[in-house]
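Secondary and tertiary structure notes
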Amino acid sequence: MYNETLPVYYKLENWDYSYTIDDVKGQGGFGITYSAHRSDGKHVAIKEYFPRQLNMQRSQDGSVQPTQGNERLFQGGMQSFLDEAKSLAKLRNISSVVEALSYFQANGTAYLVMEFIEGISLKNLLRTEGVVKAEEFLPKFKVLLEDIDKMHSSIGLLHRDIAPDNIMLTTDGRLKLIDFGSARSVENGKSMTVLLKPGFAPIEQYQSHGQGTYTDVYGACATLYYCLTGKVPPAAINRLDDDPIVPPNQYGAGLTERQQVVLLRGLAVQPPTAKTPGKNPRYRTMGMFIKEFPWNDKPIAPPPPPPPPPIDDHHETVIIGEHDDGHTTDNGSDTIVIPGKDETETGTGINGHNGTQNGGSQIGGQINGGTNSSRTSLNLVFVVVCAVLFILGVALMAGEVGAGLIFAIVGIVGTIFFSYRIYKNGQ
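Notes on the structure follow. All values reported here derive from a predicted model rather than from experimental measurement.

Regarding the side chain of Ser35
With respect to the helices and strands, the residue Ser35 is situated in strand β3 (residues 31–38). On the basis of relative accessible area, Ser35 is assigned to the buried category, the value being 6%. Side-chain polar atoms of Ser35 contact the side chain of His43, separated by 2.8 Å. Not counting chain neighbours up to four residues away, the residues in contact with Ser35 comprise Thr20, Ile21, Asp22, Asp23, Lys25, His43, Val44 and Phe116.

Below, the structure is given as structure tokens:
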């Protein structure tokens, strides 16, 4: 048993070019993707058929083989891999689909050579930059869906794994669908579970049959939902009875109401082929979804965050209201009555309701009034003390001129200072 992946600098030979492995870019349930350079210097990506669920073994020379008992599944899956490589090679005129350059067999398995895409996956984009803005993202996404529809209609190829990690945002701002070679690799009940990405896979992918263009519709709509909200939709298997999916605008997606309705229909649990598809079954084709979605509607801006509470320099506590059990409530059901100077103010909760804010200001004013009265009294005491010092100093000057003069000066200065304080507090 050797490493699962081919080593750096390993050379793959084909009849037209040789390919030198630079790095491992990713590894999934059905294959390994490498960065490589072709013998003419072109930078490419290479997908190797390597179904890990079949307990693959790699020899030191790079060749692979499944464990005993899995040979038939391995061979069937490799043939599907090559068939889809051939189909993908026919899509070179569809710009939103990764371009297949070549495919061949070596090391006991199969390889698909594709263009190397400079960019970032939507999954990593959301990790680093957060959710996308609808008005900027929807035009790009529409172009991608139109090309997927062309793929469906021209050669009947289903991707069946549309998800944020399989869509790249290129450095020139386009979206590209990648990772084809494994979508149909091994079609049996055991292997289909490996294809599932909970939240992005529709209910029919939990079965070994019944998939169609509407399967990719679900994956595309789930991806759009995720990109706009940052939330993965609930797994389809968990939506059969009591559907917990939250409308995207509740997460601040910024869609119009019509756009939201169409998107949620694209995420309908039951496909249109189901015996009981429901009142609004999922769109049968990508073209139908594109036609129904109101792309030209101006997306609504997400609601601004609530204004911050008023600054309270004195940090007084305003009682919001209590139930009989003593628990404080802020749901607006209790009325706050706080007496003011001229009339009674009423409020209905916190977070910007007038009664609470005005009452809080009145309470602060009453506290400030009491504080000012105390300061005035204290300053008055100091005025009296300083006046006594002044009189004492004048008396002492008859015998001790120096000491008397100091007392008199301190007394007169203190009297003036604290009198001024009393004047300021009275304003």
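There's more to say after this.
Notes on unusual backbone geometry
Glycine aside, residues mostly have negative phi angles, and peptide bonds mostly take the trans form. Positive phi outside glycine occurs at Asn55, with the angle close to 55 degrees. Among the structural elements, Asn55 can be located in the loop between β4 (43–49) and β5 (57–58). Since its relative accessible area comes to 46%, Asn55 is described here as partly exposed. A positive phi angle is found at Arg160, which is not glycine, with a value near 65 degrees. Looking at the secondary structure, you find Arg160 in the loop between α3 (134–155) and β10 (167–170).

So, the sheet that holds strand β7 (residues 100–106)
Across the sheet, six strands lie side by side as β1-β2-β3-β4-β8-β7; this open sheet has antiparallel pairing. Every other strand in the sheet has two partners, leaving β1 (11–13) and β7 as the edge strands with one partner each. Going from strand to strand, the sheet's axes swing by 35 degrees on average, the running direction of each strand aside. Pairing of strand β2 (residues 18–27) with β3, which is carried by seven bridges, proceeds in the antiparallel orientation. Opposite Tyr19, over in β3, you have Arg38 as the bridge partner.

Description of a nonpolar patch on the surface
Together, Phe390, Ile391, Val394, Met397, Leu405, Ile409, Ile412, Val413 and Ile416 line one region of the surface with nonpolar side chains, adding up to about 790 Å² of accessible area. Secondary structure elements with two or more residues in the nonpolar patch: α8 (354–396) and α9 (401–425). Ranked by residues supplied to the nonpolar patch, first place goes to α9 with five residues. Within the fold, Ile412 resides in helix α9.

Quick word on helix α1 (residues 71–89)
For α1, with 19 residues, the first-to-last C-alpha span of 27 Å sits near the 27 Å given by 1.5 Å per residue. Every buried residue of α1 is listed here: Phe74, Gly77, Met78, Phe81, Leu82, Glu84, Ala85, Ser87 and Leu88. Looking at the buried residues of α1, the elements they touch are β4, β6 (64–65), β7, β8 (109–115) and α3.

About the cut-offs
- Residues numbered from 1 in each chain as written.
- Predicted model: local features only at pLDDT ≥ 70, side-chain atom pairs only at ≥ 80, totals over all residues.
- Heavy atoms only, no water.
- Helix = DSSP H or I, 4+ residues; strand = E, 2+ residues; numbered from the N terminus.
- Buried < 20%, exposed > 50% of the residue type's maximum accessible area, 1.4 Å probe, protein only.
- Polar contact = N/O pair within 3.5 Å; in protein donor to acceptor, adjacent residues only side chain to side chain.
- Contact = heavy atoms within 4.5 Å.
- Pairing = 2+ DSSP bridges.
- Axes fitted to C-alpha atoms, helices over the stretch in contact; angles between N-to-C directions.
- Patch = residues over 30% accessible without salt bridge, like charges linked within 9 Å, V, L, I, M, F, W, Y side chains within 5 Å.
- Areas by Shrake-Rupley, 256 points an atom, 1.4 Å probe, with all protein chains shown as cover.
- Salt bridge = Lys/Arg side-chain N within 4 Å of Asp/Glu carboxyl O.
- Expected span 1.5 Å × (residues − 1).

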